[in-house]
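# Residue-level structural notes
Here are the chains, one letter per residue:
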Amino acid sequence: MKVDKSLTSGSTTMLVLKLLENQDMYGYQMIEELEQKSNNVFTLKAGTLYPILHSLEQRGMITAYEGLSEEGRTRKYYKITEKGKKLFQEKKEEWSVYATAVKDVLGGVSYATV
Amino acid sequence: MPQYNEEQKLGKADVYVKKVCEQIRWGRAHKVISEELQNHIEDQKEAFIRKGQKKQEAEENAVLEMGDAVTVGQQLDGTHRPKPDWGILLLVGVCILVSIALRYFISLNNGENGGQAIGYFYSYLKVLPFGMAVMIGMYFVDYSMIGKYPKILYGSALAVTLLLFNFAPQLNYVYLHVFYCVLVLITLYAGVVYSQRGKGYLGLVFCGAVGVISCIVFGLSISATWLFAINGAVIITVAIKREWFRVQKKHALTLVWGPVLFVIIAPFIFCFRRFKYMFITAGAEYAQGYELRMIRDFLSNSKLFGQGNLTSYIIQQNLGYADGRTIEGVLPYWQNSYCLTYMIYKFGWSVAVITIILVTLLMIKLFKIVNNQSSQLGYIVSLGVSMTIVSQCTIFLFANLGICKFVTYPLPLISPGNISFIVNMGLIGLILSVYRNNSIVRDKIIQIKLVENLNGSNVEQHSLKLGKWQLIMRKL
């Protein structure tokens, strides 16, 4: 199911950091992984991803290095830094608060007295 | 529905990438960004081909998948704005202001040499804009040249050092230019070490040979040799720890530090009489340990705030009162080499505290740049610069605080010394360049042969070649 883009834009940074948490990846790999993990709900465009990646690199949240992919082509791999891990935790907590609040407003049990 | 322009509809990957780059004002970033986007489009194209699309169609769709070129370009332009480390520029500014005030104060107090002293002050004011120009010039230089042409750069610098023996002034058989040449050579040496990545023990030996030849060039300047040997050894140690040489770390470290420690300790063994007076003053014959004893005496008579008490060097021995002598008349080199000792005596230890805080802040900021580098080259070059500055600060502070005195060279950017000022401004400019170019400098890929033990038998595994470069460096 396709969802409204505005819902995902705020959390894209958090999702990108999550992808890099356990494994260094290059851009295209991240887009594929994200699609797969979210069952095609998140289809990130390259034009959205790369500015985010470069911005995170500028801020020291991730670093980059040249590597070779399995096919033998040069790839710019990204790797999360300690600073980036901290940012990820913060964003995750923020998201948790937000998601709980939405859930409460939408589907909380009604204790209306009869 | 996003609006696609004509070029995108034609589906040319390179046209798309060019359009993106047109929005990015920093020209140097174009190459790295183009490569990344092109590779992405290729990957996407191949994915479409696997799904059954034709080549032309796949490329068109891959480009469409990227998003609007102008928007993407504008966003990338926003993140690729090259800028200096403003914190360091601020500290440099503060250091220069302190230096101006210090030199002016010294010129006022230079009783006997009045005219000459104010002359030195004015010559500094003239050198100031030149130093700033050097810093700005180095800032705009592409520092990655140190990684691309390390041997040429190092060789040239060493040749210049050699040539200057014909022209440079000397003091007691020691040529004064050597120390300043070493300040530059340390960072260039980092480039040489970088060029030996992946070359095993052979690379290590090459670095060692370059080091030995350099020390021979430095000749009788023991201070220059020590400065170079210690910093060079630290740089190689860092390289070994980062697995650049892929050798047994313990053996390699012994190979490096063995000779270096010998170089450091040898003078103490062979000329113990002369070198022990670096630290001790008791029993010193005239001129040996004289300066150190005097410094310690002035320091022990200094207060926290305000001028210190009269010392035995100022009080006439028999009569117990100052005989008109002043610290300016007694302490040698109070105007430059020992200006901190002088200021401590004149204004109190608070001066030392402020100086140490200023210097510490600068060093912290420098090492922050080192730690935030994405590339190995950026790391080692910025490390070389930082260590060069730290070494000078250590030498100056140890001498002025009476801890250890061998040679006296200026405190970078602060204490009087025009050549020191220009060289250090150049070094600061260089590390600012490293900071500026962090997002676009990439290490060369080199290849090694990996031998894996698979099911009891050795299996040789070759990584793929990329033109003349060979190894995969996956770890940072």
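Before reading further, recall that the structure is shown in the block above.
A brief look at the structure comes next.

Here is what the cut-offs are and how they apply
Residues numbered from 1 in each chain as written. Chains lettered and ligands numbered in written order. Predicted model: local features only at pLDDT ≥ 70, side-chain atom pairs only at ≥ 80, totals over all residues. Heavy atoms only, no water. Helix = DSSP H or I, 4+ residues; strand = E, 2+ residues; numbered from the N terminus. Buried < 20%, exposed > 50% of the residue type's maximum accessible area, 1.4 Å probe, protein only. Polar contact = N/O pair within 3.5 Å; in protein donor to acceptor, adjacent residues only side chain to side chain. Contact = heavy atoms within 4.5 Å. Patch = residues over 30% accessible without salt bridge, like charges linked within 9 Å, V, L, I, M, F, W, Y side chains within 5 Å. Areas by Shrake-Rupley, 256 points an atom, 1.4 Å probe, with all protein chains shown as cover. Salt bridge = Lys/Arg side-chain N within 4 Å of Asp/Glu carboxyl O. Phe/Tyr/Trp six-rings, centres within 6.5 Å; stacked < 30°, edge-to-face > 60°. Lys NZ or Arg CZ within 6 Å of the ring centre and 35° of its normal. Pairing = 2+ DSSP bridges. Axes fitted to C-alpha atoms, helices over the stretch in contact; angles between N-to-C directions. Parallel < 35°, antiparallel > 145°, perpendicular 65-115°, else oblique. Left-handed = near helix turned anticlockwise from the far one by under 90°. Nonpolar A, V, L, I, M, F, W, Y, C, P; charged D, E, K, R; others polar.

## Observations concerning unusual backbone geometry
- Although it is not a glycine, A:Asn40 sits at a positive phi angle of roughly 65 degrees.
- Here A:Asn40 shows up in the loop between α3 (27-37) and α4 (46-58).
- Note on A:Asn40: relative accessible area 44%, which makes it partly exposed.
- A positive phi angle, near 70 degrees, is found at B:Leu413, a position not held by glycine.
- Along the chain, B:Leu413 turns up in the loop between α19 (376-400) and α20 (418-436).
- For B:Leu413, a relative accessible area of 3% corresponds to the buried category.

## Focus: the side chain of B:Thr161
All names here are of chain B.
- Mapped onto the fold, Thr 161 is located in helix α9 (residues 150-164).
- For Thr 161, a relative accessible area of 0% puts it in the buried group.
- A polar atom in the side chain of Thr 161 sits 2.8 Å from the backbone oxygen of Ala 157.
- Contact partners of Thr 161, with chain neighbours within four places excluded, come to His 177, Cys 181, Leu 185 and Val 217.

## Thoughts on a nonpolar patch on the surface
All names here are of chain B.
- A surface patch of nonpolar side chains, about 610 Å² in accessible area, is lined by Leu 261, Phe 262, Val 263, Ile 265, Ile 269 and Phe 270.
- By the element assignment, Val 263 lies in helix α13 (residues 249-270).
- A residue is classified by how much of its surface remains accessible, and Val 263, at 31% relative accessible area, is partly exposed.

## Digging into the packing of aromatic side chains
- Scanning the entire structure with this criterion turns up 19 aromatic pairs over all chains.
- Sitting over the face of the ring of B:Tyr139, B:Arg436 holds its NZ or CZ atom 5.0 Å from the ring centroid.

## Remarks on the pairing of strand β1 (residues 62-68) of chain A
Residues and elements named next belong to chain A.
- Burial within β1 is extensive, with seven of its seven residues counted as buried.
- Two elements, β1 and strand β2 (residues 74-80), share seven bridges in a ladder whose sense is antiparallel. Bridge pairing in β2 links Leu 68 to Thr 74.

## So, the packing of helix α10 (residues 177-195) of chain B against helix α12 (residues 222-241) of chain B
All names here are of chain B.
- Their axes nearest at 10 Å, the elements α10 and α12 cross at an angle of 15 degrees. What the angle tells us is that α10 and α12 run roughly parallel. For the crossing formed where α10 meets α12, the hand is right-handed. When α10 is examined against α12, the residues Val 178, Phe 179, Val 182, Leu 183, Leu 185, Ile 186, Tyr 189, Ala 190 and Val 193 are found in contact with a partner set consisting of Ala 224, Leu 227, Phe 228, Asn 231, Gly 232, Ile 235, Ile 236 and Ala 239.
- Of the residues contributing to the contact of α10 with α12, the split by class is 15 nonpolar, two polar and no charged.

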